[in-house]
Amino acid sequence: MGVLRLVLGDQLSPGLSSLSDAKAGDVILMAEVAEEATYVRHHKKKIAFLFAAMRHFSDELRAGGHDVRYVKLDGAGNAGSLRGEVARALEDVPGLTRVVVTKPGEWRLLADMETWRDLFGVPVELRDDTRFIVPLTEFLAWAKGRKQLRMEFFYREVRRKTGLLMDGQEPAGGQWNFDHDNRKRLPKSLTPPPRLLPAPDAATREVIALVATRFPDHFGDLEPWVFATTRSGAEAARDHFIGEILPGFGDWQDAMAQGEPWMWHSLLSIYINCGLLDPLDVCRRAEAEWRAGRAPLNAVEGFIRQIIGWREYVRGIYWLTMPAYADTNTLAAHRPLPDFYWTGETDMRCMADAIGQTKRHAYAHHIQRLMVTGNFALIAGLDPAMVNEWYLLVYADAYEWVELPNTHGMALHADGGLMASKPYAASGNYINKMSDYCGDCAFDVSAKTGPKACPFNYLYWDFIARNRDALSGNPRMALIYKALGRLDPEALSAMQADANAFLDRACAPAS
Ligand code: FAD
Ligand code: DLZ
Ligand code: SF4
């Protein structure tokens, strides 16, 4: 009487709830399946990373004495879906009478799993994912009855709950948040530090070849390889970040520089989200650096806030609001995605840089995702469903529970302001302030209209004018609508005409 325990590609944690009572006679199923790789056409590097990490984790489980049924993508009889592989395992292995799985991070898969009991005629137990710091029931209790679900207040609760950066009842350093110290532009004299970018091992090379053959038309490059695919490799990346990079994380958190994809960011989301690293453990190690005097508080607080604040918060928002959340489109944005989101070929230097590195590495840091590609999508009025799909497939750390609230809510304001009290809309001025992109751009960041004008400038004012009904009642937008009122009507019309002409060209279907 054994149990079939399904472990998904982003559940590579030995402490997983579905494994907590595993015993002799049970079978752990892991499966590389076409359906998960193609329901959105994931970046080649993302698929290769996950398959390689899954293969290494199956070795870890076997070394721990478990019986693992690992189905490779090109394995004989691969059913092509998780559902199909569970059915095949129940058929092939005698004596399996139950299925246990930790709940997935995407609503579509959870909805599917909820049909499995009827489909297979055996009990299917869906267990909570306990790898988060705040159980969903706690988040739902926090959210209940609140008019506004602001991350900052949630974050303070998690600081108190975990004791991270607390001196008794008070926040360390006397402040909860040191963000105002974290908005520096990178001086020309400073170069970001070199990073630990592991070469692929044999298992990873095998998977890279498999992905190249099976998914040649998917977005993105397989080379150069930049990710660890083992737990020890992820731990080395963590230790390298915490020991060498973390002290600069705060100062340069919002800065961007041409040809510098990593800056002082941790590059750890990919490992945390698939279970190779534990989020609370990473935060405790970061705190220890501050307590030992090796990293400043603005860096450590900023880093910890992203993990125990933003990461936990967006997960709560996702499960609180799905599935209706994905269908909202409160700014009625309907333009299709311009082709340059796929090719990176545009004269806008900032967009070309952010999309180019996304193609190369399946990575862009937060400010590029929010204030370059996200900001463009927002002010251009791109269709949220298309933008969400893009973000879900291009980044190696993307699963819908984390990608959707960040894109739909934070970047696109498509949820009517549930997540962000005002849209993160900005003109070229913001990008110029935080980067060195504009100096080398074909467009002029100080020009507002005409063929040389920075598109972010006229798109920004077109966005503000277009959404007057939806946004002008927001007190945080009052100054902007005052400024709109002061604009010379002819100048505004010229910007609106430029915006429409630009978007008609950019969003035209490829011939
Ligand atoms: P760092 O800048 O070093 O931050 C440290 C850690 O904090 C990250 O590893 C991550 O675990 C966490 N973190 C930081 N910001 C966020 C956030 N807003 N939400 C959740 N966790 C956060 N993050 C994802 O993990 N997956 C996504 O699919 C994803 N999509 C995004 C889409 C958009 C439009 C935006 C604006 C942000 C998105 N983010 C996403 C959040 C953030 O950009 C990434 O977590 C971060 O860039 C990952 O790189 P890093 O590990 O170097 O992060
Ligand atoms: C993202 C992904 C990919 C590309 N492939 C697989 C796979 O073949 N097998 C698997 O178990 N999981 C895969 N995943 C991760 C799942 O899509 C992920 O578990 C769900 O989206 C829920 O977060
Ligand atoms: Fe981007 Fe405009 Fe600057 Fe060019 S001028 S890099 S388009 S912000």
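Quick note: structure is the one above.
Residues numbered from 1 in each chain as written. Chains lettered and ligands numbered in written order. Predicted model: local features only at pLDDT ≥ 70, side-chain atom pairs only at ≥ 80, totals over all residues. Heavy atoms only, no water.

### Concerning unusual backbone geometry
(1) Moving on: Put simply, Glu 223 and Pro 224 share a cis peptide bond, and its omega is 0°.
(2) Moving on: In this structure, Pro 224 sits in the loop between helix H8 (202-214) and helix H9 (231-245).
(3) Moving on: That bond from Met 322 to Pro 323 is cis: its omega, 10°, falls within 30 degrees of zero.
(4) Moving on: You can see Pro 323 is positioned in the loop between helix H12 (297-321) and helix H13 (340-343).
(5) Moving on: Positive phi values are uncommon outside glycine, yet Ala 332 reaches one of about 45°.
(6) Moving on: With respect to the helices and strands, the residue Ala 332 is situated in the loop between H12 and H13.
(7) Moving on: With a phi angle near 55°, His 413 is a residue other than glycine that sits in the positive phi range.
(8) Moving on: Position of His 413 among the secondary structure elements: in the loop between helix H17 (400-411) and helix H18 (428-434). (Helix = DSSP H or I, 4+ residues; strand = E, 2+ residues; numbered from the N terminus.)

### Quick look at the pattern of salt bridges
(1) Moving on: Applying the stated rule across the entire model yields 35 salt bridges.
(2) Moving on: Residue Arg 5 pairs with Asp 26 through a salt bridge whose shortest N-O separation is 2.9 Å. Pair noted here: Arg 5 is in strand E1 (residues 2-6) and Asp 26 is in the loop between E1 and strand E2 (27-31), with a separation of 21 residues, a long-range link. For the pair shown, Arg 5 and Asp 26 are each scored as buried.
(3) Moving on: By sharing partners, the salt bridges in this structure join Arg 5, Asp 21, Lys 23, Asp 26, Arg 98, Glu 125 and Arg 127 into a single network. (Salt bridge = Lys/Arg side-chain N within 4 Å of Asp/Glu carboxyl O. Buried < 20%, exposed > 50% of the residue type's maximum accessible area, 1.4 Å probe, protein only.)

### With respect to helix H16 (residues 384-394)
(1) Moving on: Most of H16 sits out of view: eight of its 11 residues are buried.
(2) Moving on: Pro 384, Val 387, Asn 388, Trp 390, Tyr 391, Leu 392, Leu 393 and Val 394 are the residues of H16 that are buried.
(3) Moving on: The N-terminus of H16 is capped by Asp 383, whose side-chain oxygen sits 2.9 Å from the backbone nitrogen of Ala 385. (Polar contact = N/O pair within 3.5 Å; in protein donor to acceptor, adjacent residues only side chain to side chain.)

### Section: the side chain of Arg 5
(1) Moving on: Exposure remark for Arg 5: the relative accessible area of 0% places this residue in the buried category.
(2) Moving on: Filtering out sequence-adjacent residues up to four positions away, Arg 5 remains in contact with Ser 18, Leu 19, Asp 21, Ala 22, Asp 26, Val 27, Ile 28, Leu 29, Val 100 and Arg 127. (Contact = heavy atoms within 4.5 Å.)

### What about the pairing of strand E4 (residues 96-102)?
(1) Moving on: Burial analysis of E4 places five of its seven residues in the buried class, the great majority of the element.
(2) Moving on: Strand direction decides the pairing type here: E1 and E4, joined by five bridges, are parallel. Note on E4: the bridge partner recorded for Leu 4 is Val 99.
(3) Moving on: Here E4 pairs with strand E5 (residues 124-127) via four bridges, running parallel. Bridged to Thr 102 within E5 is Arg 127. (Pairing = 2+ DSSP bridges.)

So far we have only geometry, and geometry alone does not tell us how the molecule works.
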